[in-house]
Amino acid sequence: MAQALFRLVLAFSLLALCTSYKNYQTNIPNGDAVTHPCKENLVWQGVGHEFMLGGGKRNPFGEDFAGQSHTWTDDLCQDDSDGDGRTNGEELGDPSCTWTKGDTPSRTGNITHPGICEPTDSDDCKAKNAWEIDCSEGDDFWCEGVDDQDTVAHTVRLDNTKVPARETTYMCQGFSLPSDKEYHLFAVKPVIDNAYVMHHTIVYGCKTKIEGFDGPVECGMYNEDCEDMLGGWTVGSAGECQTSDRGFLVGKGHYTYIIVEQHWNNPLLVADYYDSSGMTFYLTPNLRQYNMGYLLTGQEEFVIPPKESAYIVTGTCPESCLRRKLTDSIYITSAHVHMHYLGAKGKIEHYRDGEVINTWFDVASYSYDLPVFIEFDPPIELKPSDKIVTTCTFQSLDQSEDTKYGAATSDEMCYGFMNYYPVETGTGSCISYGSYDECEILDYYEYLDNAANGLSQSALLAMMSLFLILCR
């Protein structure tokens, strides 16, 4: 996940720069529903900018919007900023120019971009669109080793399935990997069938074959038996590529089963879409120098109250626990924060000798539907004497009840995922449970287990009853 995602990572690392521009979305009708002109499943966040995520040079609508002090006026509504024959109001769902901030526009579907002349491939619009608009589907993937004679290109595809007529659907299917020998998985490439709905894909390595996933099934956001991410894709990416010295061990004695999670985005609620997208996995039997692993940090004991604008949850992997988890230094190659739909901001900080020496992840405008993976080249050394703090900020203004930690979409999570090597040196997790770190919890369970071995049945039942009362 290094070279091929480089351009994508650069784009996502600028997300924090566009946070203020997202506020402008509420100043125009359907400001958060303007889609890419040739990728209907991708929202153009910075409506007034040439750069899709906001910031940088303004497009024609952005210039006109700024000229009206970032306010929706009759003049701005009736203007045709991009020169494609439709007024800004017609493109944004307010053809009569009656919308005011906070109201629901008269039309919320079929929203087009007021700053991009469409159709983009017409000669007239090619002359009017003064910058290159990316309408590719990510076919330019290349990674060192994919063309080697002994590389196995293993392609899996979702069974052709009807896409529900709703904005967001998560669909999963399980697949087997070659198990005749050991392989290093070093690259993945998307196979896109329906670009109108494909938003992103995450590939999970499973400890064992999971029943119920032989065909496509709607799925949640988490499966405890398949929690190790082996790869992924998101709109705009051509694929993922590891450097030539490392890969994920799969095949005989390792991961032989995966679950591919597809996120379909159908904002226009089209009823007759189908999709059979998938992934191609590049496997080499020539094992590389380093085996990749996943380090999981975060917090698993929290409740988010309703009506909170910024509720902060932290999970700490302290020096005392990391020393027990690592036998030597490991090298972090990527970082990702995982929350659900209340997630607003995410951060992962790396401490040494009591001071922050690296911030691995810092996204001020988090979206579960637009995952961000930060890559490090060169990798960052994590010593056993270091500390990791994962911080998640949640926004629950629209909630009327508490939201607890859990695996359901309606629950929340606060995790940091890090790729690292060598896997032989490290461990899979260093999570907090309330004010306790993982090592303290493991010590407590070990104490209970040892104590239980010397108790009578009645005493053991009494202790269990007390434990249940305390945990209520």
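Overview of the structure.

What counts, and at which threshold
- Residues numbered from 1 in each chain as written.
- Predicted model: local features only at pLDDT ≥ 70, side-chain atom pairs only at ≥ 80, totals over all residues.
- Heavy atoms only, no water.
- Helix = DSSP H or I, 4+ residues; strand = E, 2+ residues; numbered from the N terminus.
- Contact = heavy atoms within 4.5 Å.
- Areas by Shrake-Rupley, 256 points an atom, 1.4 Å probe, with all protein chains shown as cover.
- Pairing = 2+ DSSP bridges.
- Buried < 20%, exposed > 50% of the residue type's maximum accessible area, 1.4 Å probe, protein only.
- Core = buried A, V, L, I, M, F, W, Y, C linked by side-chain atoms within 4.5 Å.
- Disulfide = S-S within 2.5 Å.

**Some points on the overall build of the chain**
Working step 1: When you go through the chain residue by residue, the secondary structure sums to nine helices and 27 strands.
Working step 2: Here the contacts in the chain between residues at least 6 apart in sequence split such that 78% fall between residues at least 24 apart.
Working step 3: Split by element, the accessible area of the chain, about 21,700 Å² in all, is 48% carbon and sulfur.

**Digging into the sheet that holds strand E25 (residues 414–421)**
Working step 1: Pairing within the open sheet is mixed, and its six strands lie in the order E22-E19-E25-E16-E26-E27. A strand with exactly one partner marks an edge of an open sheet, and here the two such strands are strand E22 (374–382) and strand E27 (436–437).
Working step 2: Across four bridges, strand E16 (residues 293–299) lies against strand E26 (residues 429–433) in parallel orientation. The residue of E26 that forms the bridge with Gln299 is Ser432.

**With respect to the side chain of Thr425**
Working step 1: Within the fold, Thr425 resides in the loop between E25 and E26.
Working step 2: Thr425 sits in the buried class, given a relative accessible area of 13%.
Working step 3: What Thr425 contacts, discounting residues up to four positions off in sequence, is Lys325, Leu326, Thr327, Asp328, Ser329 and Ile330.

**Regarding the sheet that holds strand E5 (residues 168–176)**
Working step 1: One open sheet holds the five strands; their spatial order is E8-E5-E12-E7-E9, and the pairing between them is antiparallel. Every interior strand has two partners, whereas the edge strands, strand E8 (217–218) and strand E9 (228–234), have only one.

**Details of the nonpolar core**
Working step 1: Among the nonpolar cores identified, the biggest contains 79 residues, and Phe281, Ile332, Trp360, Leu382 and Phe394 are the most heavily contacted of them.
Working step 2: A total of six residues in this core trace back to one element, the largest contributor, which is E25.
Working step 3: For Ile332, the residues in contact, after removing those within four places along its chain, are Trp360, Phe376, Pro379, Ile380, Leu382, Met418, Asn419 and Tyr420.
Working step 4: Counting 12 residues, the second-largest nonpolar core is a separate cluster that includes Trp72, Leu76, Leu92 and Trp99.

**Quick look at the state of the cysteines**
Working step 1: This structure, assessed with the given rule, holds seven disulfides.
Working step 2: Put simply, Cys117 and Cys125 are joined by a disulfide, and their sulfur atoms are 2.0 Å apart. One quick way to see it: the torsion about the S-S bond of Cys117 and Cys125 is about -60 degrees, and its sign makes the bridge left-handed.
Working step 3: With its sulfur 1.9 Å from that of its partner, Cys143 forms a disulfide with Cys241. Its S-S torsion of about 65 degrees marks the bond between Cys143 and Cys241 as right-handed, since a negative value means left-handed. Taken together, the positions of Cys143 in the loop between helix H6 (123–128) and strand E3 (152–157) and Cys241 in strand E10 (residues 240–241) put the pair 98 residues apart, joining distant regions of the chain.

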